2 protein chains.
Amino acid sequence: MTARSAGPTDEFGFPIIPAPVDSSERKRRTIIDAALAEFLREGYAAASVDAITARSGVSKATIYKHFGNKERLFLAAVGSFLPSSYAELEPGISGLADAPDLRAALITLAVDWARLLMHPQVLSLRRLVIGEIDRFPQLGRLWYRVTYDLNNGPLVDTFAELHRRGALRVPDLPLAVQQLVAATVGVPLLIRTFNPDAEFDDAELTRQMTSGVDLFLAGYAAR
Amino acid sequence: MTARSAGPTDEFGFPIIPAPVDSSERKRRTIIDAALAEFLREGYAAASVDAITARSGVSKATIYKHFGNKERLFLAAVGSFLPSSYAELEPGISGLADAPDLRAALITLAVDWARLLMHPQVLSLRRLVIGEIDRFPQLGRLWYRVTYDLNNGPLVDTFAELHRRGALRVPDLPLAVQQLVAATVGVPLLIRTFNPDAEFDDAELTRQMTSGVDLFLAGYAAR
């Protein structure tokens, strides 16, 4: 997704995941990659299993055998895409509790997180998911749960530890994490959600994330 | 939208705006109301001008005469809905600069704002708009500009005044306003965007908004 993903990427910028040995799993991966590309290009309603068949080179019968229907294929595609994207943030989160400079570590994490969320394909998939939630509520719950479990959950544990050690004073851990996310990555994300052309260069993004982290620490750093 | 909207509302909870004397304007209003109802029920792609014709009781020729095509009708519907909803927040924003208790006034504004954004029909229209932005970018720009002009813009002016008077210390006014919005209404909005069934009772919403306002003031209240 970012410069740190050194591996090969497909036409949509998604990392190409090396095929596992098992051919059924390899086919499943091929179908999911083709489905993601088709959903991103056409939107959910207009995407067709025929086009996914053509893109993947896998027979339609195999697609239905693996996924049953278009809805389940969409869920599988979103559910497989998110963890592989968010995996990039894991080292930044797990290193927070013992970072020599908590402020600097939070800023680095926020900048990486914002860059990931601002990737045009992540934004497009997020918009696509939001647009389908009224007709397809399990998709919104999946997106929220995956992003929450992968990021907010570990941050809650980290802040609990920092609270115990006296570095932070956080009376409501989940709410404080939500506020940190909102006041840092939430700011450019809201603008870019509605205005895909809004430009944020690295300097501006760093400035915004620094300001958001400082606001968070003004409220929650132990005095 | 909330208990303060004393006027009559339609089946979707939108205020029924008294018909102006001019019959052309009245027809325009009737078409827009029918279009909003149809778009919310069917989504953008599946909504049909035939159904809007049937809902409104206005001839298809008249609809095309007023709006040209479905896209322009959608833009007009969204553009007319937002200002009438956000008008409820105007007194809360304009009263901030001279409020005897700034913290209490900010909490009241945030709670009113959150209730407005959490209204199921506002959430649905917002999701619908986000889902169409990749195919229809002017819609996202319209939504962002209208909400920004109606709310963030006046808040920037208010905080500039409070900064001049020494009540706040705000080095970057637009960013501080975005952070306030993110850390208050942004928190439940993000959860509800993805999980329409998430419940927030008034006590929980007030608790979240109070915590967000306190975070904002920890960072920006003059000491």
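None of the values given here were measured: they were computed from a predicted structure. (Residues numbered from 1 in each chain as written. Chains lettered and ligands numbered in written order. Predicted model: local features only at pLDDT ≥ 70, side-chain atom pairs only at ≥ 80, totals over all residues. Heavy atoms only, no water.)

**Student:** Lay out the interface of chain B and chain A with the relevant residues and their values.
**Tutor:** Taken together, the contact pairs 38 residues of chain B with 38 residues of chain A. Across the chain B/chain A interface, buried area totals approximately 3,400 Å², and carbon plus sulfur atoms make up 66% of it. On the chain B side of the interface with chain A, the three residues burying the most area are Ile 130, Phe 194 and Leu 215 of chain B, jointly 21% of the side's total. The interface formed by chain B and chain A holds 6 salt bridges in total. A salt bridge links Asp 134 of chain A to Arg 127 of chain B; the nearest nitrogen and oxygen atoms lie 2.9 Å apart. Where chain B packs against chain A, one counts 12 residue pairs in polar contact (both at pLDDT 80 or more). Secondary-structure elements contributing two or more residues to the side of chain B that touches chain A are helix 1 (23–46), helix 7 (120–132), helix 8 (137–164), helix 9 (173–183), helix 10 (186–194) and helix 11 (202–220) of chain B. In terms of residue count, the dominant contributor to the side of chain B that touches chain A is helix 11 of chain B (9 residues). (Contact = heavy atoms within 4.5 Å. Buried area = accessible area lost by both parts, 1.4 Å probe. Salt bridge = Lys/Arg side-chain N within 4 Å of Asp/Glu carboxyl O. Polar contact = N/O pair within 3.5 Å; in protein donor to acceptor, adjacent residues only side chain to side chain. Helix = DSSP H or I, 4+ residues; strand = E, 2+ residues; numbered from the N terminus.)

**Student:** So what's going on with the environment of Arg 223 of chain A? Residues and values would help.
**Tutor:** Residues and elements named next belong to chain A. Checked against the element boundaries, Arg 223 lands in the segment after helix 11 (202–220). For Arg 223, a relative accessible area of 73% puts it in the exposed group. Measuring from C-alpha to C-alpha, the distance between Arg 223 and Asp 112 comes to 28 Å, with 111 residues separating the pair along the chain. Once residues within four sequence positions are removed from consideration, Arg 223 is found in contact with Arg 169 and Ala 218. In terms of polar contacts, Arg 223 uses its side chain to reach the backbone carbonyl oxygen of Ala 218, at 3.2 Å. (Buried < 20%, exposed > 50% of the residue type's maximum accessible area, 1.4 Å probe, protein only.)

**Student:** Requested: an account of the UniProt feature "DNA-binding region" (unreviewed entry) in chain A, with residues and values cited.
**Tutor:** The feature "DNA-binding region" (unreviewed entry), as annotated in UniProt, sits at residues 48–67 of chain A in this numbering. Each end of residues 48–67 of chain A is marked by a C-alpha atom, and these two atoms are 14 Å apart; helix forms 80% of the span and strand 0%. (UniProt positions renumbered as here; feature names shortened; annotations may be inferred.)

**Student:** Tell me what's going on with helix 9 of chain B, and back it up with residues and numbers.
**Tutor:** With respect to burial, helix 9 of chain B is a largely interior element, 10 of its 11 residues being buried. Taken residue by residue, helix 9 of chain B has Leu 173, Leu 175, Ala 176, Val 177, Gln 178, Gln 179, Leu 180, Val 181, Ala 182 and Ala 183 of chain B as its buried positions.

**Student:** Which residues make up the nonpolar core, and what values do they have?
**Tutor:** Of all hydrophobic cores here, the largest spans 149 residues; its most connected members are Phe 74 and Phe 159 of chain A together with Phe 159 of chain B. It is helix 6 (residues 102–118) of chain B that provides the largest number of residues to this core, a total of 12 residues. Residues Leu 175, Ala 182 and Val 187 of chain A together with Leu 175 of chain B belong to the second largest nonpolar core, which totals 6 residues. (Core = buried A, V, L, I, M, F, W, Y, C linked by side-chain atoms within 4.5 Å.)

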